[in-house]
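The lines below spell out each chain.
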Amino acid sequence: MKNRIKDLVKSNMFLLNIALRIQRIGLKFKKSVIGKGNKIKNRGVSINVKYDIIGNHNQIIIEHGTIMSNMTVFIRGDHHQLRIGKNVQFSGGSVWFEDHHCIIEIGANTTIESAHLAITEPNKKITIGEDCMFSSNIEFRTGDSHSIMDTLNNRRINYAQNIEVGNHVWIGAHSIILKAVKIGNNSIIGTKSIVTKDIPSNSLVAGVPAKVIKNNIDWVRERIYEN
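The rules we used
- Throughout, residues of each chain are indexed from 1 in the direction in which the sequence is written.
- Note on the predicted model: pLDDT of at least 70 is required for a residue's local features to be given, and 80 or more for side-chain atom pairs to be given and counted; whole-chain, interface and lining totals, by contrast, use all residues.
- The side-chain numbers reported here are obtained from all heavy atoms of the structure, hydrogens and water having been left aside.
- We define the nonpolar core as a collection of buried residues of types Ala, Val, Leu, Ile, Met, Phe, Trp, Tyr and Cys that are connected through side-chain atoms lying within 4.5 Å of one another.
- Categorising residues by exposure relies on relative accessible area from a 1.4 Å probe, with only protein chains included: less than 20% of the type maximum marks a residue as buried, more than 50% marks it as exposed, and the intermediate range marks it as partly exposed.
- For the purposes of this entry, the term helix denotes a DSSP run of H or I that reaches at least four residues, the term strand denotes a run of E that reaches at least two, and both are numbered from the N terminus.
- Residues count as neighbours in contact if any of their non-hydrogen atoms are within 4.5 Å of one another.
- Pairing between two strands requires that DSSP report at least two bridges joining them.
- By salt bridge we mean one thing: a side-chain nitrogen of Lys or Arg within 4 Å of a carboxyl oxygen of Asp or Glu.
- Paired rings are identified among Phe, Tyr and Trp, the last through its six-membered ring, by centres lying within 6.5 Å, and are further divided according to the angle between planes into stacked (under 30 degrees), edge-to-face (over 60) and tilted (the rest).
- A positively charged side chain is recorded as over a ring if its NZ (Lys) or CZ (Arg) lies within 6 Å of the ring centre. The angle to the ring normal must also be within 35 degrees.

1. With respect to the nonpolar core
Soluble globular proteins tend to pack their nonpolar side chains together in the buried interior.
Stage number 1. Grouped together as the largest cluster of nonpolar side chains are 40 residues, with contacts concentrated most on V73, F90, I104, I106, L117 and F140.
Stage number 2. At four residues, strand β5 (residues 67-76) tops the list of elements feeding residues into this core.
Stage number 3. If near-sequence neighbours (up to four positions away) are discounted, V73 is found in contact with V49, K50, Y51, D52, I60, M68, L82 and V95.

2. Let's talk about the sheet that holds strand β2 (residues 39-42)
Stage number 1. Taken together, the seven strands give an open sheet; going across it, the order is β2-β4-β6-β9-β12-β17-β20, and neighbouring strands pair in parallel fashion. Since the sheet does not close on itself, it has two edges, and those belong to β2 and β20 (182-183), each with one partner.
Stage number 2. Summarising the sheet, β2 and strand β4 (residues 59-62) pair through four bridges and their orientation is parallel. By the bridge assignment for β4, K41 is matched with I61.

3. Here's the deal with unusual backbone geometry
Stage number 1. Looking along the chain, the bond that leaves V208 and enters P209 is cis, with omega of -5 degrees.
Stage number 2. In the Ramachandran plot, H79 falls in the positive-phi region, its phi being about 60 degrees despite a non-glycine side chain.
Stage number 3. Considering the arrangement of structural elements, one finds H79 in the loop between β5 and β6 (81-84).
Stage number 4. The exposure class assigned to H79 is partly exposed, which follows from its relative accessible area of 36%.

4. A look at the pattern of salt bridges
Stage number 1. Tallying each qualifying case throughout the model produces eight salt bridges.
Stage number 2. One salt bridge in this structure joins K125 and E105, with 3.8 Å as the shortest N-O distance. A residue pair is termed long-range when its members are at least 10 positions apart, and K125 in strand β12 (residues 125-128) and E105 in strand β9 (residues 103-106) qualify at 20 residues.
Stage number 3. One salt bridge in this structure joins E139 and R141, with 2.9 Å as the shortest N-O distance.
Stage number 4. Classification of R141 by relative accessible area gives partly exposed; the value is 30%.

5. As for the environment of N137
Stage number 1. Note that N137 resides in the loop between β13 (133-134) and β14 (138-141).
Stage number 2. When the C-alpha positions of N137 and G92 are compared, they lie 8.8 Å apart, and in sequence the two are 45 residues distant.
Stage number 3. When residues no more than four places from it in sequence are discounted, the contact partners of N137 are S114, H174 and S175.

6. Some words on the environment of D218
Stage number 1. Mapping D218 onto the fold places it in the segment after β24 (211-214).
Stage number 2. Considered as a pair, D218 and S201 are 17 residues apart in the sequence and their alpha carbons are 9.1 Å apart.
Stage number 3. If we skip the residues at most four places from it in the chain, D218 touches H168, N186 and N202.

7. Quick look at the packing of aromatic side chains
Stage number 1. In the structure shown here, the tally under the stated rule is three aromatic pairs.
Stage number 2. On the numbers, 3.7 Å between centres and 15 degrees between planes, the contact of F74 with W96 is stacked. Of this pair, F74 sits in strand β5 while W96 sits in strand β8 (residues 93-97), and the two are 22 residues apart along the sequence.
Stage number 3. Aromatic pair W170 and W219: ring centres 5.6 Å apart, planes at 55 degrees, arrangement tilted. Placement of the pair is W170 in strand β18 (residues 170-171) and W219 in the segment after β24, with a sequence separation of 49 residues.
Stage number 4. The class for W170 is partly exposed, based on a relative accessible area of 33%.
Stage number 5. In this arrangement the basic side chain of R156 is found over the ring face of Y159, its NZ or CZ atom lying 4.6 Å from the centre.

Below, the structure written as structure tokens:
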């Protein structure tokens, strides 16, 4: 039912304009922005979205046709960027920025039931390609939030690293994608997997840690029945 309502709103300009007006009114009560030069350019629709921003010169760009609902945009620090492409559905969870100069990009036509996308440490990036399909309770973490030290030289050994997801990637519920991971196009991540290493394109992976189960696969959103 919820998806049918979203599709109806997207296809009806009158309903879309009403939704945008309601959104602007709601933002007065849902938006807490402290700092200088912060910009939110929302060309889509936001329903029950909370902006919690403390910092300077942060930028949020949400393109036409995108629907965000029941989620939080949390930013601490300066010069972060959140860029969401056209016709994305992000239906729950949060995006979380810390430190400075971090970027989260979500490509066009991607759907996310719920996810926590956490990016920490300067100049890090989470990139999600086009036409991806994420189930519920997905986690992305570029860092560990705390320092692990080498006792021999007292140096930190767990710096944050980027995460990159290709186009047309399906991630099953309760999966966790950790730092320094690249997931190739058309791949599938099985439910409750923990991904710690790169995944080749057209691969099915699962497990803790995730391992390749089958190569040369692809997927479609529709259920196909053979006659």
